[in-house]
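Commentary on secondary and tertiary structure
Given next are the chains, with one letter for each unit.
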Amino acid sequence: MDTNLRKRIRAGDHDAFGELFDAYARSVYNHAFRLTGEWPVAEDVVSLTFLEAWRLRERLDEEGGSPRPWLLGIATNVTRNLRRATRRHTAAVARMPRDETVRDFADEVAGRVDDAVQLALVRTALTRLRRAEREVLALCVWSGLDYRAAAEALGVPVGTVRSRLSRARTKLAKYMEPPYPDGQMRGDRTTAVGPTREGNR
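The sections below set out a description of the structure shown in this document. Computed from a predicted structure; not experimentally measured. (Residues numbered from 1 in each chain as written. Predicted model: local features only at pLDDT ≥ 70, side-chain atom pairs only at ≥ 80, totals over all residues. Heavy atoms only, no water.)

With respect to the packing of helix α2 (residues 14–36) against helix α3 (residues 39–55)
The interhelical angle for the contact between α2 and α3, taken along N-to-C directions, is 140°, at an axis separation of 8 Å. When you trace α2 past α3, the crossing you get is right-handed. Contacts from His14, Phe17, Leu20, Phe21, Tyr24, Ala25, Val28, Tyr29, Ala32, Phe33 and Thr36 of α2 reach α3 at Trp39, Val41, Ala42, Glu43, Val45, Val46, Thr49, Phe50, Ala53 and Trp54. Split by residue class, the contact of α2 with α3 holds 17 nonpolar, three polar and one charged. (Axes fitted to C-alpha atoms, helices over the stretch in contact; angles between N-to-C directions. Helix = DSSP H or I, 4+ residues; strand = E, 2+ residues; numbered from the N terminus. Left-handed = near helix turned anticlockwise from the far one by under 90°. Contact = heavy atoms within 4.5 Å. Nonpolar A, V, L, I, M, F, W, Y, C, P; charged D, E, K, R; others polar.)

Some details on the pattern of salt bridges
Applying the stated criterion across every chain yields a total of nine salt bridges. Here Arg8 and Glu19 are joined by a salt bridge, their closest N and O atoms 3.1 Å apart. A residue pair is termed long-range when its members are at least 10 positions apart, and Arg8 in helix α1 (residues 2–10) and Glu19 in helix α2 qualify at eleven residues. For Glu19, a relative accessible area of 35% translates into the label partly exposed. As a salt-bridge pair, Glu62 and Arg10 come within 3.6 Å of each other at their nearest N and O atoms. Of this pair, Glu62 sits in the loop between α3 and α4 (68–94) while Arg10 is found in helix α1, placing the two residues 52 residues apart along the sequence. Salt bridges sharing common partners tie together Arg130, Glu133, Arg167 and Lys171. (Salt bridge = Lys/Arg side-chain N within 4 Å of Asp/Glu carboxyl O. Buried < 20%, exposed > 50% of the residue type's maximum accessible area, 1.4 Å probe, protein only.)

Observations concerning the nonpolar core
Core analysis: the biggest nonpolar cluster contains 48 residues, and Leu20, Phe50, Trp70, Leu71 and Leu137 have the highest contact counts within it. At the level of secondary structure, the elements contributing two or more residues to this core comprise α1, α2, α3, α4, α6 (116–127), α7 (131–142), α8 (147–154) and α9 (158–175). Among residues more than four places away in sequence, those in contact with Leu71 are Leu20, Tyr24, Val28, Thr49, Phe50 and Ala53. (Core = buried A, V, L, I, M, F, W, Y, C linked by side-chain atoms within 4.5 Å.)

Right, dumping it as structure tokens:
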């Protein structure tokens, strides 16, 4: 089924592309949110990912299994580009005189999560990882890709995925140790850094 879908997408079949969107839009959205931490940005990433996928459809291999790693790889690149554009925009705004405070969307994101303290802890820990480590963590731990599929998505060797994931896990284990006055640790950190995997489709 996936091989046939790949061929139809490469041929420019709009119905096949609609099937692709219906099957994987949620997965792309979840991946984008894990990389950005912002719901509105994740929605933009989904739109741009499928636009880019349509533009690059002839680069999709005819043979293979699920096209999900291919889509998540595109989403990762789209997120990188959006971040660069955001940094340029922020730098430009900072150079302009302004009379009012720019809205902080982090508060809006935090308001959607019951445990705001835990969210802040996770967000802080993730920002301390290198970008490459965050990306492989999102693909392997949260999106549930195996090493080979993650390597396909990122365009890197399988060994690179393994080493990045190992470093990311080691660092998170350290960064997720909040200092408590009584010296006690929070009971379960794994739920924050390893939510339910989506599985491979």
